[in-house]
Amino acid sequence: MTGPAVLLLDAAGPESAALARAAAKRGHQVHAATAADGPAPAPEPAGQVVTDFARPDRAVEDITAYARHRGVGAVLTANEYLTGLAALVCAELGLPGNDPHLAHAARDKAAMASVLTAAGVRVPYTRLVHDDTELQDALADLGAGFPCVIKPVSSAGSAGVTVVTSAAQAAPAADTARMARGPYSGQGEAGILVQAYATGDEYSVESVTQDAHTTHLAVTRKQVTGGARRVETGHSLPVRLPPATETAVHREVDAAIHAVGIRHGASHTEVVIDPDGRCTVIEIAARLGAGHIGILLQHALGIDVFAALLDVALGRPAALTPTAHGHATVRFITAPHSGRLTSLTGFPKRGPGVPFVRWRAAIGGPVNAAGANADRLGCFVVTGPDAAEVEQRADTLLRQIRLQVDPTPAPDDRDQLSSASRSAIAP
Ligand SMILES: Nc1ncnc2c1ncn2[C@@H]1O[C@H](COP(=O)(O)OP(=O)(O)O)[C@@H](O)[C@H]1O
Ligand SMILES: [Mg+2]
């Protein structure tokens, strides 16, 4: 073994697995902090501390005691819900991490709107509401009227987010937002958000900050379903924006990163760019973009972002310069409607130009119409030197996929699916 041990907070999911592999490849022993009822870490860690992520004070104590005992020299998480805890643990252990006093603002979207507004970042006008009277008041106050967006304060993966186009849709959308509490949310989270709708195209900016210096690795174009529920169905990178627009976007993102206290680590900032090139920040997360954006960065730009994040967490210089100049895209497959998946044909296989495929819905099992990212059934990545050819190939492969969904699920299927997908931000 070389170097200190590495601790992952929640070591389940593809991004965590990639971090664990990067650490193991460098000879670090990998440990995990997990919830008693959480998913099992994969790959299997050298050891684990079981704690209650819903009680941050207790979790900090449990995790720091464990980390000190095992000589942990880096603490990371790919789980957005644990980025605040990671900041607290790093601060307690004296390891490179984000500002523990600001980290909540990269999770709680009410706090996010306040600190970003105070920092001069353009964000959608946002109201926190606790009851129907406040909801009606906020709808009237939005001025521009409809559409507007009703969303949970601290969920993720589009869960509970509704684009509302009339007053009649507001109450059910508010109920949907209230029900979409993320994991570990405890009792404290009462309100929901009503937000002005930002018109334009959606992008995200993938960045890594080290010693408060930020490198923007790529701008990513997002494909999102239209209508009331906005599920991410594709990511493509790197996108070349007009230089003036890119400068403006980077300026907003830099200010956002600073405002939410990101000093050492990844960030994923979602923006809408309007036809005049004006950029509105929809949200910022103190983690690597989910949805296999790490794989896209690897294949398009030759950046091993997982190794880089490990270096950042260890306080070592991170390699963030592109070594390739290609293009990569991921396409997600969603069900046309809820029901039981009866057949799947034409799903691409891994091969030249298709470095990654993932299918996670069982034939014969329940599927949901796309309401949140966790409802996505699978995905594939296409990469190559030319952006237009990569996009065209991905679209062709997507068109070849045939799904059959029987619209009459067994009564208990929906419960099964929603509990199975509760903690998943991305397939
Ligand atoms: N204010 C907004 N204006 C326009 N679209 C929005 C707005 N807020 C959310 N959306 C749409 O809903 C999606 C999910 O909302 P977001 O705030 O990113 O929630 P999550 O944290 O669950 O990803 C966004 O990707 C976007 O398509
Ligand atoms: Mg989002």
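Residues numbered from 1 in each chain as written. Chains lettered and ligands numbered in written order. Predicted model: local features only at pLDDT ≥ 70, side-chain atom pairs only at ≥ 80, totals over all residues. Heavy atoms only, no water.

**Student:** Could you clarify how one ought to interpret the overall build of the protein in this entry?
**Tutor:** When helices and strands are tallied, the protein shows 11 helices and 19 strands. Compactness check: the protein gives a C-alpha radius of gyration of 21 Å against a globular reference of 22 Å for 427 residues, within 12% of the reference. Seen through its principal axes, the protein has C-alpha atoms that stretch 60 × 50 × 50 Å. Going through the 427 residues of the protein one by one, you find that 55% of them count as buried. Accessible surface, the protein: about 18100 Å² in total, of which carbon and sulfur atoms supply 52%. The average position of the 36 basic charges and that of the 42 acidic charges among the side chains of the protein differ by 5 Å. (Helix = DSSP H or I, 4+ residues; strand = E, 2+ residues; numbered from the N terminus. Rg over C-alpha atoms; globule rule 2.2 N^0.38 Å. Buried < 20%, exposed > 50% of the residue type's maximum accessible area, 1.4 Å probe, protein only. Areas by Shrake-Rupley, 256 points an atom, 1.4 Å probe, with all protein chains shown as cover. Lys, Arg positive; Asp, Glu negative; His and termini not counted. Charge placed at Lys NZ, Arg CZ, Asp CG, Glu CD.)

**Student:** Looking at this structure, I do not really get the sheet that holds strand β5 (residues 126-129). What am I missing?
**Tutor:** As a general point, the strands of a sheet are linked pairwise by backbone hydrogen bonds and lie either parallel or antiparallel. Within the open sheet, the four strands sit side by side as β5-β8-β6-β7. Their pairing is antiparallel. This sheet does not close on itself; its edge strands, each paired only once, are β5 and β7 (162-164). Here the strands of the sheet are splayed against their neighbours by 25° on average, with no regard to which way each runs. Note: β5 against strand β8 (residues 192-196), four bridges, orientation antiparallel. Opposite Arg127, over in β8, you have Val194 as the bridge partner. (Pairing = 2+ DSSP bridges. Axes fitted to C-alpha atoms, helices over the stretch in contact; angles between N-to-C directions.)

**Student:** I tried to follow the environment of Leu241 on my own but got confused; where do I start?
**Tutor:** When you line up the elements, Leu241 lands in the loop between β11 (232-237) and α7 (243-259). C-alpha of Leu241 to C-alpha of Val219: the two residues are 22 residues apart in sequence and 8.2 Å apart in space. Setting aside residues no more than four positions away along its own chain, Leu241 makes contact with Tyr203, Val219, Glu246, Val249 and Ile273. (Contact = heavy atoms within 4.5 Å.)

**Student:** It is not clear to me how the coordination of the magnesium ion (ligand 2) should be interpreted in this structure. Could you clarify?
**Tutor:** Put simply, a metal with four donors set out as a tetrahedron has ideal angles of 109.5 degrees, and one with six donors set out as an octahedron has ideal angles of 90 or 180 degrees. The protein atoms donating to the magnesium ion (ligand 2) are Glu270 (OE) and Glu283 (OE), with metal-donor distances spanning 1.9 to 2.1 Å. Remark: Glu283 occurs in strand β13 (residues 279-285) and Glu270 occurs in strand β12 (residues 265-273); sequence separation between them is 13 residues. One exposure class covers both Glu270 and Glu283, and it is buried. (Donors = N, O, S within 2.8 Å, 3.2 Å for Na, K, Ca; no water.)

**Student:** Looking at this structure, I do not really get the packing of helix α2 (residues 56-70) against helix α3 (residues 83-93). What am I missing?
**Tutor:** Axis angle and axis distance: for two packed helices, these are the angle between their axes and the distance between the axes, and together they describe the pair. At a closest axis distance of 10 Å, the pairing of α2 and α3 adopts a crossing angle of 45°. By the criterion of interaxial angle, the relationship of α2 to α3 is oblique. Every pair of crossing elements has a handedness; the one defined by α2 and α3 is right-handed. Contacts between α2 and α3 involve Pro56, Ala59, Val60, Ile63, Thr64, Ala67 and Arg68 on the former and, on the latter, Leu85, Leu88, Val89, Glu92 and Leu93. Its residues assigned to classes, the contact of α2 with α3 comprises nine nonpolar, one polar and two charged. (Parallel < 35°, antiparallel > 145°, perpendicular 65-115°, else oblique. Left-handed = near helix turned anticlockwise from the far one by under 90°. Nonpolar A, V, L, I, M, F, W, Y, C, P; charged D, E, K, R; others polar.)

**Student:** I'm lost on the pattern of salt bridges in this one. Help?
**Tutor:** Scanning the model with the defined rule gives 14 salt bridges in all. The shortest N-O distance in the salt bridge between Asp141 and Arg127 comes to 2.6 Å. With Asp141 in helix α5 (residues 132-141) and Arg127 in strand β5, this pair connects stretches of sequence that are 14 residues apart. For Arg331, the salt bridge is made with Asp395, and the minimal N-O distance between the two is 2.9 Å. Here the residue Arg331 occupies a position in strand β14 (residues 327-333), and Asp395 occupies one in helix α10 (residues 387-399), the gap between them amounting to 64 residues. (Salt bridge = Lys/Arg side-chain N within 4 Å of Asp/Glu carboxyl O.)

**Student:** Would you mind showing me how to read the site of ligand 1 here?
**Tutor:** The environment of ligand 1 is made up of 20 residues, and the closest members are Lys109, Lys151, Ser158, Ala198 and Glu202. Note that an oxygen atom of ligand 1 is positioned 2.4 Å from one of the side-chain N or O atoms of Glu202. Taking 540 Å² as the accessible area of ligand 1 by itself, protein coverage stands at 98%. Elements with a minimum of two residues in the shell around ligand 1: β6 (148-152), β8 and β13. (Near = heavy atom within 4 Å. Polar contact = N/O pair within 3.5 Å; in protein donor to acceptor, adjacent residues only side chain to side chain.)

**Student:** How do you make sense of the sheet that holds strand β3 (residues 47-51) when you look at a structure like this?
**Tutor:** With parallel pairing, four strands are arranged side by side in an open sheet as β3-β2-β1-β4. In this open sheet, the two edge strands, each paired with only one partner strand, are β3 and β4 (72-76). This sheet shows a mean twist of 25° between the axes of neighbouring strands, independent of strand direction. With five bridges joining them, strand β2 (residues 30-35) and β3 adopt parallel strand pairing. Looking across to β3, one finds that Ala35 is bridged to Thr51. Across the face of the sheet, helix α9 (residues 305-314) comes into contact with β1 (5-9) and β4 while running at roughly 125° to β4.

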